[in-house]
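Here is what each chain is made of, one letter per residue.
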Amino acid sequence: FAHHPPSSSQAVHYAPELQLDPHLATAAAAGAPAHLHVSLSRAAPLAHAAATALVRSLRDLLVDAASPFDLTLAGLACFTNDAGTQSFLALGAAPACACVRALVRAADDAASLADLPPFHADPVPHASLAWAPGGERCAVVAAAAAVPSPPPLTVRVTRVECRIGKRPHVVWRAEEEGGGGGG
């Protein structure tokens, strides 16, 4: 289908993502950034008026999401965005993580209800560490090859946020962190 973004005066971007809470000692030892995230959707323009309905859809679809779970990030990978405007270095997530795949499906369902594009057909979960402008994938790959791969980092997934514009909306919070369904 053709997706026509709303005019820039009315558009905001949305991007559902897992917020990862590294165990602080492990994260500090591995040199991990304090606010890692794993994207569950593509960032896309969204009419400002549709934001509330999208957040509600995400909350409804994620209300029965998995309990908190551990996600291991290991191995460096390089990616370039679809537009070729940005390349980045990332830690790869365990590819067989059923919990992440279920969250991506829920985010895709919510995106579909809002006439937004789905995530990649075969998503590769990862947590971005560094970015480079343009299609500098070769430079990112070379930089990654020049440094030793960090040790695996295990993080606790406790919430999903949907960023609309600059504002994060918690759309799922694990039971141990204060109740399912976000708020």
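Our subject is the structure listed above.
Residues numbered from 1 in each chain as written. Predicted model: local features only at pLDDT ≥ 70, side-chain atom pairs only at ≥ 80, totals over all residues. Heavy atoms only, no water.

Peer 1: Teacher, can you tell me more about the side chain of Ser 57 here?
Peer 2: In this structure, Ser 57 sits in helix α2 (residues 51-62). The buried category is assigned to Ser 57, whose relative accessible area is 18%. Contacts of Ser 57, omitting those with residues within four sequence positions, involve Ala 110 and Leu 113. (Helix = DSSP H or I, 4+ residues; strand = E, 2+ residues; numbered from the N terminus. Buried < 20%, exposed > 50% of the residue type's maximum accessible area, 1.4 Å probe, protein only. Contact = heavy atoms within 4.5 Å.)

Peer 1: What exactly am I supposed to notice about unusual backbone geometry here?
Peer 2: Peptide bonds are mostly trans, and most non-glycine residues show a negative phi. A positive phi angle, close to 55°, is found at Asp 115, a residue other than glycine. Within the element layout of this structure, Asp 115 appears in the loop between α3 (98-113) and β6 (126-133).

Peer 1: How do you make sense of the packing of aromatic side chains when you look at a structure like this?
Peer 2: Each aromatic ring pair is characterised by the separation of its centres together with the angle its planes make. With the rule as written, the count across this model stands at 1 aromatic pair. Seen from their ring centres, Phe 79 and Phe 88 are 5.7 Å apart, and the 25° between their planes marks the pair as stacked. By relative accessible area, which is 12% here, Phe 88 ends up buried. (Phe/Tyr/Trp six-rings, centres within 6.5 Å; stacked < 30°, edge-to-face > 60°.)

Peer 1: For this particular structure, what's the right way to read the pairing of strand β8 (residues 167-173)?
Peer 2: Regular strands place their side chains on alternate faces of the sheet. Alignment of strand β7 (residues 153-164) against β8, held across 6 bridges, turns out to be antiparallel. Note on β8: the bridge partner recorded for Cys 162 is His 169. (Pairing = 2+ DSSP bridges.)

Peer 1: Help me understand the side chain of Ser 128 in this model?
Peer 2: Turning to its location among the elements, Ser 128 is positioned in strand β6. Residue class for Ser 128 comes out buried when judged on its relative accessible area of 16%. When sequence neighbours within four positions are dropped, the list of residues in contact with Ser 128 reads Leu 36, His 37, Phe 88, Leu 89 and Ala 90.

Peer 1: Would you mind going over the nonpolar core with me for this structure?
Peer 2: Among soluble globular proteins, nonpolar side chains are generally buried collectively. Residues Leu 71 and Leu 73 are the most contacted members of the largest nonpolar core, which totals 35 residues. Those elements that provide at least two residues to this core are β3 (44-47), α2, β4 (69-80), β5 (86-93), α3, β7 and β8. By residue number, the principal contributor to this core is α3, which donates 7 residues. Cys 78, Leu 89, Ala 132 and Val 140 belong to the second-largest nonpolar core, a separate cluster that totals 5 residues. (Core = buried A, V, L, I, M, F, W, Y, C linked by side-chain atoms within 4.5 Å.)

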